[in-house]
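# Close look at the chain arrangement
The primary structure of each chain is shown beneath.
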Amino acid sequence: MKSALVYIDGFGDELLQPLLIAARAERIDLETRSRRNEVMATAEWYVVPAVALYLAKPFIDKFLAKASDDFIGITYPKFKQALQRLVKRLYIQERSSFRISAAGRKKVSDEGAWLFGVYSLERSGRRIKFIFGDGLSEEQYATAVEELLRTIRTHHLGGLNDEIAQGIGRLVDPTASEILLMFHAEKGKWFVFDPVARLKEKQRREEP
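As a starting point, this report considers the structure included with it. Residue numbers restart at each chain and count upward from 1, following the sequence in its written direction. Since the coordinates come from a predicted model, pLDDT governs what is reported: local features require at least 70, and pairs of side-chain atoms require 80 or more to be given and counted, while whole-chain, interface and lining totals use all residues. Just so you know, side-chain values use all the structure's heavy atoms and leave hydrogens and water out.

## Focus on the overall build of the protein
Put simply, the test is: Helix and strand assignments follow DSSP, with helices taken as H or I runs no shorter than four residues and strands as E runs no shorter than two, numbered in order from the N terminus. The cut-offs for exposure are 20% and 50% of the maximum accessible area for each residue type, with area from a 1.4 Å probe on protein chains only; residues under the lower value are buried, those over the upper are exposed, and the others partly exposed. It only takes one pair of heavy atoms within 4.5 Å for two residues to be counted as in contact. Each accessible area value is a Shrake-Rupley result obtained with a 1.4 Å probe; residue values ignore everything except the protein chains displayed when judging cover.
When helices and strands are tallied, the protein shows seven helices and seven strands. In sequence order, the secondary structure elements of the protein are arranged as β-α-β-β-α-α-α-β-β-α-α-β-β-α. Across the 208 residues in the protein, those meeting the buried criterion constitute 47%. Long-range contacts, defined here as pairs at least 24 residues apart, represent 70% of the contacts in the protein between residues at least 6 apart. Taken as a whole, the protein presents about 11100 Å² of accessible surface, with 48% of it coming from carbon and sulfur.

Laid out in C-alpha cells, this is it:
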C-alpha cells in the first residue's frame with residue numbers, strides 16, 4: 001500500500017489542495033487519484049468513503065524515530081493542520097454540500113462514515129480503517145486527527161497494551177482482514193469497533 005489520497009469524481013481541487021500542498025512541503029510521497037462515484041452494496045463501515053486517505057509504512061516510519069511527546073508537531077505539523085482543516089470543512093463548515101448515496105438507500109447509523117476515512121496498516125500488515133462520522137465539534141474533530149496519528153505511532157512502537165492490539169484481542173473474529181476503529185468523543189480516544197458483535201446484538205434485539 002502506498003500513501004495516497006483517493007476521492008470520488010466531483011471533489012474539487014480547492015477542497016483538497018491545502019492537504020496536498022502540506023504533503024509536498026513535508027516531503028510526504030502522497031499519490032492522488034479520483035474514482036467513479038459508484039453505489040456500494042455493503043455495510044456502511046466497509047464502504048470506501050468519498051475521500052480516503054491511505055497512510056503507508058514510509059509515512060509511519062518517519063515519526064516512529066521521534067522520541068519527543070510532540071512527535072506529530074515536529075514531524076508533520078503542516079500536514080496535521082491541513083488534515084484537521086479538511087475534516088472540519090467536510091463535517092461542519094460545508095457538511096450540507098456533501099451527500100453520499102448507498103445501495104437501496106438503506107437506513108444507516110451514521111451517513112458521515114461514507115464521507116471520509118483514513119486507512120493504514122497494523123503491525124502484521126492487515127489494513128486498519130479509522131472511521132470518521134457526523135456529530136463532533138470542531139475541537140473534537142481536531143482531537144480525532146491528532147489522536148489518530150498518536151494511535152498509529154503507539155501501535156507500531158511495538159507495545160502490547162496499545163488500543164489496536166488490545167482491541168483486536170477483543171474481537172469476535174480476531175483474524176478479520178480489516179480492523180475498524182471509531183472515535184469515542186467523550187474519552188477523546190480511538191477504539192477498535194467490532195461489526196460482528198454489533199450485528200449479533202442487533203439481531204438479538206430484533207428477535208420476537
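## Topic: the pattern of salt bridges
What counts, and what does not: Should a side-chain nitrogen of Lys or Arg be within 4 Å of a carboxyl oxygen of Asp or Glu, the pair is scored as a salt bridge.
As enumerated under the stated definition, the model contains 14 salt bridges in all. Salt-bridge contacts for Arg127 lead to Glu178; the nearest nitrogen and oxygen are separated by 2.8 Å. Here the residue Arg127 occupies a position in strand 5 (residues 127–131), and Glu178 occupies one in strand 6 (residues 178–184), the gap between them amounting to 51 residues. For Glu178, a relative accessible area of 12% puts it in the buried group. Linking Arg150 and Glu146 is a salt bridge whose minimum nitrogen-to-oxygen distance equals 3.7 Å. Of this pair, Arg150 and Glu146 both sit in helix 5 (residues 138–156), four residues apart, roughly one helical turn. If you follow the salt bridges from partner to partner, you end up with Lys80, Glu146, Glu147, Arg150 and Lys189 in one network.

## Comments concerning the packing of aromatic side chains
Rule in force here: Aromatic contacts are taken between Phe, Tyr and Trp rings whose centres are within 6.5 Å, Trp giving its six-membered ring; a plane angle under 30 degrees counts as stacked, one over 60 as edge-to-face, and the others as tilted.
All told, the structure shown has ten aromatic pairs when counted by the stated rule. For the ring pair Tyr54 and Tyr119, a centre distance of 4.7 Å and an interplane angle of 10 degrees mean the geometry is stacked. Of this pair, Tyr54 sits in strand 3 (residues 51–54) while Tyr119 sits in strand 4 (residues 116–121), and the two are 65 residues apart along the sequence. In this structure Tyr54 comes out as buried when scored by relative accessible area, which is 11%. Classification of Tyr119 as buried rests on a relative accessible area of 0%. Both rings, one in Phe59 and one in Tyr76, keep their centres 4.3 Å apart while their planes meet at 5 degrees; by these two values the pair is stacked. Remark: Tyr76 occurs in the loop between helix 3 (71–75) and helix 4 (77–93) and Phe59 occurs in helix 2 (residues 57–64); sequence separation between them is 17 residues. Chaining the aromatic ring pairs together yields one cluster made of Tyr91, Phe116, Phe130, Phe132, Tyr141, Phe183 and Trp190.

## So, helix 1 (residues 13–25)
So the rule is basically this: Multiply 1.5 Å by the residue count of a helix minus one, and that product is the helix's expected span.
Given a rise of 1.5 Å per residue, 13 residues ought to cover 18 Å, and the 17 Å separating the end C-alpha atoms of helix 1 matches this to within 8%. Listing the buried residues of helix 1 in full gives Leu15, Leu16, Leu19, Leu20, Ala22 and Ala23. Considering only its buried residues, helix 1 is in contact with strand 1 (4–8), strand 2 (31–35), strand 3 and helix 4. Trailing helix 1 by a residue or two, Arg27 shows a phi angle of about 55 degrees, which is positive.

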